[in-house]
Amino acid sequence: MSSIPFKTSYRVENIVATVILEHDLDLELIETRIPSITYKPDQFPGLIFRLDKPRATALVFKSGKMVVTGTKSTQQLVEAVKKIIKTFVKNGVNVHGRPRVQIQNIVAGGDIHAYVNLEKAAYHLEDSMYEPEQFPGLIHRMRDPRVVLLIFSSGKMVITGAKEEVEVERAVNNIARQLYKAGCIVGPRLGEEE
Amino acid sequence: KLRKWQARTRIITSVERNLAQAMNELDRLSDILNLPSYVKEEAARIYRNAVEKGIVRGRSIESIIAATIYLACREMKVPRSLDEITRHTRVNRKEIARCYRLLLRELRIKVATTDPVDYVPRIVHGLGLPGQAVKIAIEIINKAKEQGVTGGKDPAGLAAAAVYIAAEQLGEKRTQKEIAHVAGVTEVTVRNRYKELAKILGLEYE
DNA sequence: AGATTACTTTCAAAAGC
DNA sequence: GCTTTAAAAAGTAATCT
């Protein structure tokens, strides 16, 4: 019934997750045993560890908690965590117990494949802000799901604040329907159509 | 009881002191920016409102006053960019922008986006161009709006390019550098907007 | 005039100032 | 609030050829 006359799509670009180990870590030891690590306690309490294969970056704290960023899927995230711990162990930094991994934020790119009248959208969407003098995108705080979207006139967007991938998909379809109903869709984008 | 009375007096005087300081800053910035009195009064009204709602806590008076002035200018459609206001304060643009968003959210105010048209008169006069240029530039901007090519673009850049074309059509060409300077954007931006406008206007440029 | 690089906006967590 | 990480969108900007 209220099917929208254009397709929508999205792609996860970055996942931020916390990893909790069951014991403390000796950051000084890790720094001396593993090369290419950045650790400046004066600047930031965590040490920065970069992985190549699954491209990811981890912030490691002495409490045994870490923040892993840069992966694009749960599979990559799990792979990265395993590799980080394996690297620690191989270099004489013992790690015991099973790590608790939790996704904290998902950043994704979205697209409704149609141009958007941001001026009009800013008027119809609650909790939105459009200030072209400061930023080209319209910033919208969606309540359900609870995410923030940066919407551009090209119809492309950025969705952030989600903890599950399904929220990203719902957010894109939600905004597409809202923009369509409010008459903010200008037309299909270059060579694309329903 | 005497103690309580003294505490209240201290609070009252601190609020008054803050307000007096804020009004001094408002006077200073208003003069430098040559703001009409009604904009200054609106800014003062917004500031008092913000103080009542407790929005000013922890933030510098200078940042809040600057944000208040920017908001008043937006409401009254007096073209003053955030950079222009920031230039005369000691705080950075990022902080003022943050206070501006805070004012919009907490006072639940909706402000229309800046119309590029509002920047035209100032640019035209700043270049000493004939008044006729204003009308031409505005027509160009309105055509651009109809064509839907203004989304996400800086209003000042659009206005600058429109005035550039208007001057050209009046046989009073100005360099993109001059236009960029009075409009507060870079030559690159004027050039980029110019190309788009020329295209939708069906203009040929060699 | 390009081309590059970089900065604007959004989000969340970590430990500590 | 700040510090550090990563990532996308599109616009603007600074710098170099």
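Residues numbered from 1 in each chain as written. Chains lettered and ligands numbered in written order. Predicted model: local features only at pLDDT ≥ 70, side-chain atom pairs only at ≥ 80, totals over all residues. Heavy atoms only, no water.

**Quick notes on the overall build of chain A**
Of regular secondary structure, chain A possesses 4 helices and 12 strands. For a compact globule of 194 residues, the expected C-alpha radius of gyration is about 16 Å, and chain A comes in at 21 Å, more than 25% above that figure. Counting only C-alpha atoms and orienting by the principal axes, one finds that chain A spans roughly 60 × 35 × 30 Å. In chain A, which comprises 194 residues, the share counted as buried stands at 40%. The long-range fraction of contacts in chain A, counting pairs at least 24 apart against all pairs at least 6 apart in sequence, stands at 65%. Surface summary for chain A: the accessible area is close to 10,700 Å², and the carbon and sulfur share equals 51%. Averaging the coordinates of the 26 positive side-chain charges in chain A and doing the same for the 23 negative ones gives two points 5 Å apart. (Helix = DSSP H or I, 4+ residues; strand = E, 2+ residues; numbered from the N terminus. Rg over C-alpha atoms; globule rule 2.2 N^0.38 Å. Buried < 20%, exposed > 50% of the residue type's maximum accessible area, 1.4 Å probe, protein only. Contact = heavy atoms within 4.5 Å. Areas by Shrake-Rupley, 256 points an atom, 1.4 Å probe, with all protein chains shown as cover. Lys, Arg positive; Asp, Glu negative; His and termini not counted. Charge placed at Lys NZ, Arg CZ, Asp CG, Glu CD.)

**Some details on the packing of helix 8 (residues 155–169) of chain B against helix 10 (residues 187–200) of chain B**
Residue and element names in this part refer to chain B. For the pair helix 8 and helix 10, interaxial distance at closest approach is 8 Å and the crossing angle is 65 degrees. Viewed along their axes, helix 8 and helix 10 adopt a mutual orientation that is roughly perpendicular. Regarding helix 8 and helix 10, the two cross each other, and that crossing is right-handed. Within the contact between the two elements, helix 8 uses Gly157, Leu158, Ala160, Ala161, Ala162, Tyr164, Ile165 and Glu168 and helix 10 uses Thr189, Val190, Arg193, Tyr194, Leu197 and Ala198. Classifying every residue of the contact of helix 8 with helix 10 by side-chain character gives 10 nonpolar, 2 polar and 2 charged. (Axes fitted to C-alpha atoms, helices over the stretch in contact; angles between N-to-C directions. Parallel < 35°, antiparallel > 145°, perpendicular 65-115°, else oblique. Left-handed = near helix turned anticlockwise from the far one by under 90°. Nonpolar A, V, L, I, M, F, W, Y, C, P; charged D, E, K, R; others polar.)

**Notes on the pairing of strand 6 (residues 100–111) of chain A**
Residue and element names in this part refer to chain A. The pairing of strand 1 (residues 9–20) with strand 6 spans 11 bridges and is classified as antiparallel. Its bridge partner being in strand 6, isoleucine 15 is matched across the sheet by isoleucine 106. In this structure, strand 6 lies alongside strand 11 (residues 156–162), joined through 6 bridges in antiparallel fashion. The residue bridging glycine 109 from the neighbouring strand is valine 158, located in strand 11. (Pairing = 2+ DSSP bridges.)

**Points about the confidence of the model for chain B**
All names here are of chain B. Summary statistics for chain B give a mean pLDDT of 92 and a share of 95% for residues scoring 70 or more. In the model of chain B, helix 1 (residues 2–32) stands out as the element of lowest mean pLDDT, 82, in contrast to helix 7 (residues 132–146), which has the highest, 98. Under the prediction, the complex receives an ipTM of 0.92, its pTM being 0.94. (pLDDT = per-residue confidence, 0-100.)

**Quick word on the domain arrangement of chain A**
Many authors give the size of an interface as the accessible area that is lost as the parts come together. Per the domain assignment, the segments of chain A are domain 1 (22–98) and domain 2 (106–188). For domain 1 of chain A versus domain 2 of chain A, the distance between C-alpha centres works out to 35 Å. (Domains from an automatic or database assignment.)

**Some points on the protein's contact with DNA strand C**
In the vicinity of DNA strand C there are 23 residues, among which Ser63, Asn105, Phe135 and Arg141 of chain A together with Arg191 of chain B approach most closely. Of everything in DNA strand C that lies within 4 Å of the protein, sugar and phosphate atoms constitute 68%. Measuring from a phosphate oxygen of DNA strand C, one finds a side-chain N or O atom of lysine 62 of chain A at 3.0 Å. Within the contact set of DNA strand C, a base oxygen lies 2.5 Å away from a side-chain nitrogen or oxygen of asparagine 105 of chain A. Sorting the residues of the surface near DNA strand C by element identifies strand 1, strand 5 (65–71), strand 6, strand 9 (138–142) and strand 10 (147–151) of chain A together with helix 5 (93–106) of chain B as the ones contributing at least two each. (Near = heavy atom within 4 Å. Polar contact = N/O pair within 3.5 Å; in protein donor to acceptor, adjacent residues only side chain to side chain.)

**Looking at the environment of arginine 45 of chain B**
All names here are of chain B. The residue arginine 45 is located in helix 2 (residues 37–52) in this model. The spacing of arginine 45 and alanine 72 is 27 residues in sequence and 9.3 Å in space, taken between C-alpha atoms. Engagement of the side chain of arginine 45 in a polar contact is seen with the side chain of glutamate 42, the distance being 2.9 Å.

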